[in-house]
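Residue-level structure breakdown
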Amino acid sequence: MLRVFYWAAYYGDLKTVEMMIELLRWSPMMKTYKNRDILSAAIIGQQIDVVKYLVELSYKGKTLSEDAILQRKLVNHRDEEQNNFLHFTYEVNNPTINELVLGSHLIQPGTH
C-alpha cells in the first residue's frame, strides 16, 4: 500500500493522496518507494496540484518543540541515495514547484 501512496503523488492523483492523508490518517512523511516521502514523489513527477496540497498542509505538533521536531524530520528525511525533497526541487527545476516549495512554511532560513 505504501507504493500506492507514492505513485498516487507521482502521477498527480490528488483525490487518492487526500484520501490517504485525511481519511486513513497516513503521514505525508512516511517512507514509501525507495524510502522517499510523497512530497518528493510529487516533485519528481512535477505534479503541481499535489505539491501545492502537500506544502499547504499543517505539520503541527502539540507544542512548539514538537513543531520544530516535525519540521526537522521533514527537511532531514533522506531517501536511499541521501536526497530529500529540496534536492528533487532543485533537480527538477520547475519554476512553479520551486516557488511553491521554497516559499512554503516548510522552509526555514538555513535549510536550503
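Read on for a plain summary of the structure. Quick caveat, the model's predicted, so the values are computed rather than measured. (Residues numbered from 1 in each chain as written. Predicted model: local features only at pLDDT ≥ 70, side-chain atom pairs only at ≥ 80, totals over all residues. Heavy atoms only, no water.)

**Looking at the packing of aromatic side chains**
Scanning the model with the defined rule gives 8 aromatic pairs in all. Ring centres 5.0 Å apart and planes at 55° place the aromatic pair Tyr6 and Tyr33 in the tilted group. You can see Tyr6 sitting in helix H1 (residues 2-10) and its partner Tyr33 sitting in the loop between helix H2 (14-23) and helix H3 (38-44), a full 27 residues away along the chain. Taking 5.1 Å as the distance between ring centres and 45° as the angle between the ring planes, the aromatic pair formed by Trp7 and Tyr33 counts as tilted. Linking Trp7 in helix H1 with Tyr33 in the loop between H2 and H3, this pair joins segments that are 26 residues apart in sequence. Judged by its relative accessible area of 30%, Trp7 falls in the partly exposed class. The structure contains a cluster of three or more aromatic residues connected by ring pairs, namely Tyr6, Trp7, Tyr10, Tyr11 and Tyr33. (Phe/Tyr/Trp six-rings, centres within 6.5 Å; stacked < 30°, edge-to-face > 60°. Helix = DSSP H or I, 4+ residues; strand = E, 2+ residues; numbered from the N terminus. Buried < 20%, exposed > 50% of the residue type's maximum accessible area, 1.4 Å probe, protein only.)

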